[in-house]
Amino acid sequence: MDESTAEEWARIAAQDDGLGALPERILEQLRLLDTDSSGFAVDRLTHSLQTAHRAETDGRDDAYLVCAVLHDIGDVLCPRNHADLAAAVLEPWVPEAYHWMVREHDVFQGYYFWHHLGGDRHAREALKGHPYYDVAEEFVRRYDMPSFDPGYRTPPLEHYEPLLRSFFVAKDAS
Ligand SMILES: [Fe+2]
Ligand SMILES: [Fe+2]
């Protein structure tokens, strides 16, 4: 590195930095979620698609829907801090409020079940007063929390493929 030249860096900078392949990589990670139900009534991919579809039915914008589809994408590699991984993937592409919503969604979801596991369901209170608290609370209450329903007419991942492919390309071009 310390022997590199400006010409070499210009050549490297002109190469594809991988963003063109990003949508397909994201789709690959999402497909991995359908192997994991971990005792829940639906697998993680079905849960993610339900979450997004409920948000879509409510007329949420594209960035919100992308967040909804991806919010649990970290479950494969980071089961203990999955929200951090999803938030890191999304951060360059979505509004600050949506990034925070994804990063903190776990503690808001915890309100609905942590007490059954000996935890503190009110842990989200530590975030009270944050400007995006209500955004995250609403995301979980309306979309994330109810989306473990095996009777829900869940769209296939293909339903969100055009959005996922166009969203990241458009953001890269802007
Ligand atoms: Fe989650
Ligand atoms: Fe979730």
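Further up the page is the structure itself.
Keep in mind that what you see is a predicted model, and the values were worked out from it rather than measured. (Residues numbered from 1 in each chain as written. Chains lettered and ligands numbered in written order. Predicted model: local features only at pLDDT ≥ 70, side-chain atom pairs only at ≥ 80, totals over all residues. Heavy atoms only, no water.)

Digging into the side chain of Glu161
Here is step 1 of the chain: In this fold, Glu161 is placed in helix 8 (residues 161–173).
Here is step 2 of the chain: Apart from the residues within four sequence positions on either side, Glu161 is in contact with Leu27 and Arg31. (Helix = DSSP H or I, 4+ residues; strand = E, 2+ residues; numbered from the N terminus. Contact = heavy atoms within 4.5 Å.)

Observations regarding the coordination of the iron ion (ligand 2)
Here is step 1 of the chain: Coordination sphere of the iron ion (ligand 2), protein contribution only: His47 (NE2), His71 (NE2), Asp72 (OD) and Asp144 (OD), at 2.1 to 2.2 Å.
Here is step 2 of the chain: Between the 4 donor atoms coordinating the iron ion (ligand 2), the angles at the centre fall across 81 to 166°, so the site counts as irregular.
Here is step 3 of the chain: If you list the donors of the iron ion (ligand 2) from N- to C-terminus, the spacing comes out as H-x23-H-D-x71-D.
Here is step 4 of the chain: In this structure, the iron ion (ligand 2) lies 3.6 Å from the iron ion (ligand 1), and both are coordinated by Asp72.
Here is step 5 of the chain: Here Asp72 falls in the buried class, since its relative accessible area comes to 4%. (Donors = N, O, S within 2.8 Å, 3.2 Å for Na, K, Ca; no water. Tetrahedral: all angles 85-135°; square planar, octahedral: opposite > 155°, others 65-115°. Buried < 20%, exposed > 50% of the residue type's maximum accessible area, 1.4 Å probe, protein only.)

What to know about the coordination of the iron ion (ligand 1)
Here is step 1 of the chain: Taken together, Asp72 (OD), His82 (NE2) and His105 (NE2) make up the protein donors of the iron ion (ligand 1), found 2.0 to 2.2 Å from the metal.
Here is step 2 of the chain: Written as a sequence motif, the donor residues of the iron ion (ligand 1) are D-x9-H-x22-H.

Points about the side chain of Glu137
Here is step 1 of the chain: In this structure, Glu137 sits in helix 7 (residues 133–144).
Here is step 2 of the chain: In contact with Glu137, other than residues within four places in its own chain, are Phe108, Tyr112 and Arg124.

Regarding a nonpolar patch on the surface
Here is step 1 of the chain: A cluster of nonpolar side chains, Met1, Trp9 and Ile12, forms an exposed patch at the surface whose accessible area comes to about 380 Å².
Here is step 2 of the chain: Here Trp9 shows up in helix 1 (residues 6–14). (Patch = residues over 30% accessible without salt bridge, like charges linked within 9 Å, V, L, I, M, F, W, Y side chains within 5 Å. Areas by Shrake-Rupley, 256 points an atom, 1.4 Å probe, with all protein chains shown as cover. Salt bridge = Lys/Arg side-chain N within 4 Å of Asp/Glu carboxyl O.)

Considering the packing of aromatic side chains
Here is step 1 of the chain: All chains considered together, the criterion is met by 12 aromatic pairs.
Here is step 2 of the chain: Their ring planes at 90° and their centres at 5.3 Å tell us that Phe167 and Phe168 sit as a pair that is edge-to-face. You'll find Phe167 and Phe168 in the same group, each marked buried.
Here is step 3 of the chain: Here a set of aromatic residues connected by ring pairs shows up, and it is made of Tyr64, Tyr98, Phe139 and Tyr143.
Here is step 4 of the chain: The ring centre of Tyr111 lies 4.2 Å from the NZ or CZ of Arg121, which sits over that ring. (Phe/Tyr/Trp six-rings, centres within 6.5 Å; stacked < 30°, edge-to-face > 60°. Lys NZ or Arg CZ within 6 Å of the ring centre and 35° of its normal.)

Topic: the environment of Phe148
Here is step 1 of the chain: Here Phe148 shows up in the loop between helix 7 and helix 8.
Here is step 2 of the chain: Considering only alpha carbons, one finds Phe148 and His47, 101 residues apart in sequence, at a separation of 5.6 Å.
Here is step 3 of the chain: Contact partners of Phe148, with chain neighbours within four places excluded, come to Phe40, Ala41, Val42, Arg44, His47, Gln50 and Gln109.

Brief notes about helix 3 (residues 44–57)
Here is step 1 of the chain: Taking 1.5 Å of rise per residue, the 14 residues of helix 3 would be expected to cover 20 Å, and the 20 Å separating its terminal C-alpha atoms lies within 8% of that figure.
Here is step 2 of the chain: Where burial is concerned, most of helix 3 is hidden: 10 out of the 14 residues are buried.
Here is step 3 of the chain: Where helix 3 is buried, its residues meet helix 2 (22–32), helix 4 (62–70) and helix 7.
Here is step 4 of the chain: The backbone nitrogen of Leu45 lies 2.9 Å from a side-chain oxygen of the residue at the head of helix 3, namely Asp43.
Here is step 5 of the chain: Positive backbone phi, at 80°, marks Gly59, one or two positions downstream of helix 3. (Expected span 1.5 Å × (residues − 1). Polar contact = N/O pair within 3.5 Å; in protein donor to acceptor, adjacent residues only side chain to side chain.)

So, helix 2
Here is step 1 of the chain: Inspection of helix 2 places Leu22, Pro23, Ile26, Leu27 and Leu30 among the buried residues, and these make up the whole buried set. Projected onto a plane normal to the axis of helix 2, the buried residues spread over an arc of 135° and lie on a single side. (Arc of directions from axis to C-beta.)

Here we look at the nonpolar core
Here is step 1 of the chain: Ranked by internal contacts, the top residues of the largest apolar core, which has 41 residues, are Leu30, Leu70, Leu164 and Phe168.
Here is step 2 of the chain: Elements with a minimum of two residues in this core: helix 2, helix 3, helix 4, helix 5 (82–90), helix 6 (96–110), helix 7 and helix 8.
Here is step 3 of the chain: The dominant element in this core, judged by the number of residues it contributes, is helix 4, at 8 residues.
Here is step 4 of the chain: Not counting chain neighbours up to four residues away, the residues in contact with Leu70 comprise Ile26, Leu30, Ala86, Val89, Leu90, Leu164 and Phe168. (Core = buried A, V, L, I, M, F, W, Y, C linked by side-chain atoms within 4.5 Å.)

Function-wise, these values are silent; they only describe arrangement.
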